[in-house]
Amino acid sequence: MTNHSSLSIYSASYALLVLSLTLAACGKRDDGQTVGQKLDTAVSKTEQAAADAKVRAASSMARAGESIKEVTQQAEASGKKTAQSVSEVVDDMAVTARVSAEFARDVELSALKIDVSTKNGRVTLKGPAPTNAAKDKASAIAKAIKGVMEVDNQLVVKAG
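Residues numbered from 1 in each chain as written. Predicted model: local features only at pLDDT ≥ 70, side-chain atom pairs only at ≥ 80, totals over all residues. Heavy atoms only, no water.

**Observations concerning the overall build of the protein chain**
Of the regular secondary structure elements, the protein chain holds 4 helices and 3 strands. Going residue by residue from the N terminus, the α and β elements of the protein chain occur as α-α-α-β-β-α-β. Evaluated residue by residue, the protein chain yields a buried proportion of 16% over its 160 residues. Accessible area of the protein chain: about 12,300 Å², with a carbon and sulfur share of 60%. (Helix = DSSP H or I, 4+ residues; strand = E, 2+ residues; numbered from the N terminus. Buried < 20%, exposed > 50% of the residue type's maximum accessible area, 1.4 Å probe, protein only. Areas by Shrake-Rupley, 256 points an atom, 1.4 Å probe, with all protein chains shown as cover.)

The following block contains the structure:
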């Protein structure tokens with residue numbers, strides 16, 4: 001047994017020598033930390049990296065949320081503007097139809113081919129008029145229609 005135990009001591013010493021030489025060859029020095037301390041340091045660094053990543057992710061999410069909010073507001077504003085434009089066009093078409101309908105009811109103006117157009121509540125009348133009185137009457141009828149802001153009477157009185 002003595003030979004066996006001497007052999008074990010020599011083997012252990014040899015393994016320790018090889019390990020020491022290997023560490024020396026790698027240029028690594030013992031920094032005085034135990035394995036547990038090294039593990040604690042590694043865990044701490046990992047936790048710090050995770051915390052940093054969480055902060056960056058939260059910041060990115062906040063920026064993304066602000067971007068989504070901004071785009072949503074722009075889309076709402078654009079939608080409102082489009083709806084307003086469509087509403088104005090529909091209102092203008094309704095004004096044109098009401099003015100034309102009133103001209104059709106008038107005996108003197110119904111036979112005339114008066115072109116009525118409306119933009120933003122401004123009615124433009126074009127075409128022939130038999131007399132100045134008929135031209136003035138067309139203006140008066142158009143001005144009386146709800147939604148008409150102004151009348152541009154470009155009717156031409158035929159000389160005759």
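**Some points on the sheet that holds strand S3 (residues 150-157)**
The sheet built from 3 strands is open, its strands ordered S1-S2-S3 with mixed pairing. Across the chains shown, the open sheet's two edge strands, defined by having one partner strand only, are strand S1 (115-119) and S3. Going from strand to strand, the sheet's axes swing by 10 degrees on average, the running direction of each strand aside. Of the pairings in the sheet, the one linking strand S2 (residues 122-129) to S3 comprises 8 bridges and is parallel in character. Bridge pairing links Val123 to Val151 in S3. Sitting on the sheet, helix H4 (residues 132-143) touches S2 and S3, and the angle it makes with S3 is about 160 degrees. (Pairing = 2+ DSSP bridges. Axes fitted to C-alpha atoms, helices over the stretch in contact; angles between N-to-C directions. Contact = heavy atoms within 4.5 Å.)

**Overview of the side chain of Asp152**
In this structure, Asp152 sits in strand S3. Reaching out from Asp152, the side chain makes a polar contact with the side chain of Gln154 at a distance of 2.6 Å. Contacts of Asp152, omitting those with residues within four sequence positions, involve Arg122, Val123, Thr124 and Leu125. (Polar contact = N/O pair within 3.5 Å; in protein donor to acceptor, adjacent residues only side chain to side chain.)

**Considerations on the pairing of S2**
Two strands pair when backbone bridges link them, and S1 and S2 are joined in this way by 5 bridges, in the antiparallel orientation. The residue bridging Ser117 from the neighbouring strand is Thr124, located in S2. Taking the residues that link successive antiparallel strands as the turn, the S1-S2 hairpin has 2 residues, and the phi of Asn120 there is positive, at about 55 degrees.

**Quick notes on H4**
Over its 12 residues, H4 runs 17 Å from end to end, which matches the ideal 16 Å to within 8%, given 1.5 Å per residue. For H4, the full list of buried residues reads Ala134, Ala138, Ser139, Ile141 and Ala142. Angularly, the buried residues of H4 cover 165 degrees about the axis, an arc narrow enough to put them on a single face. In H4, the exposed positions angled more than 90 degrees off the buried face are occupied by Asn132, Ala133, Asp136 and Lys143. (Expected span 1.5 Å × (residues − 1). Arc of directions from axis to C-beta.)

**A look at the pattern of salt bridges**
As enumerated under the stated definition, the model contains 4 salt bridges in all. The closest approach of N and O atoms between Arg105 and Glu102, which form a salt bridge, is 2.7 Å. A residue pair is termed a helical-turn pair when its members lie 3 or 4 positions apart in one helix, as Arg105 and Glu102 do in helix H2 (residues 35-105) at 3 residues. Lys137 is the partner of Asp106 in a salt bridge, and the nearest nitrogen-oxygen pair spans 2.7 Å. Note that Asp106 is positioned in the loop between H2 and helix H3 (107-110) and Lys137 in helix H4, a separation of 31 residues in sequence. The exposure class of Asp106 is buried, given its relative accessible area of 11%. What you see here is one network of salt bridges that share partners, running through Arg122, Glu150 and Asp152. (Salt bridge = Lys/Arg side-chain N within 4 Å of Asp/Glu carboxyl O.)

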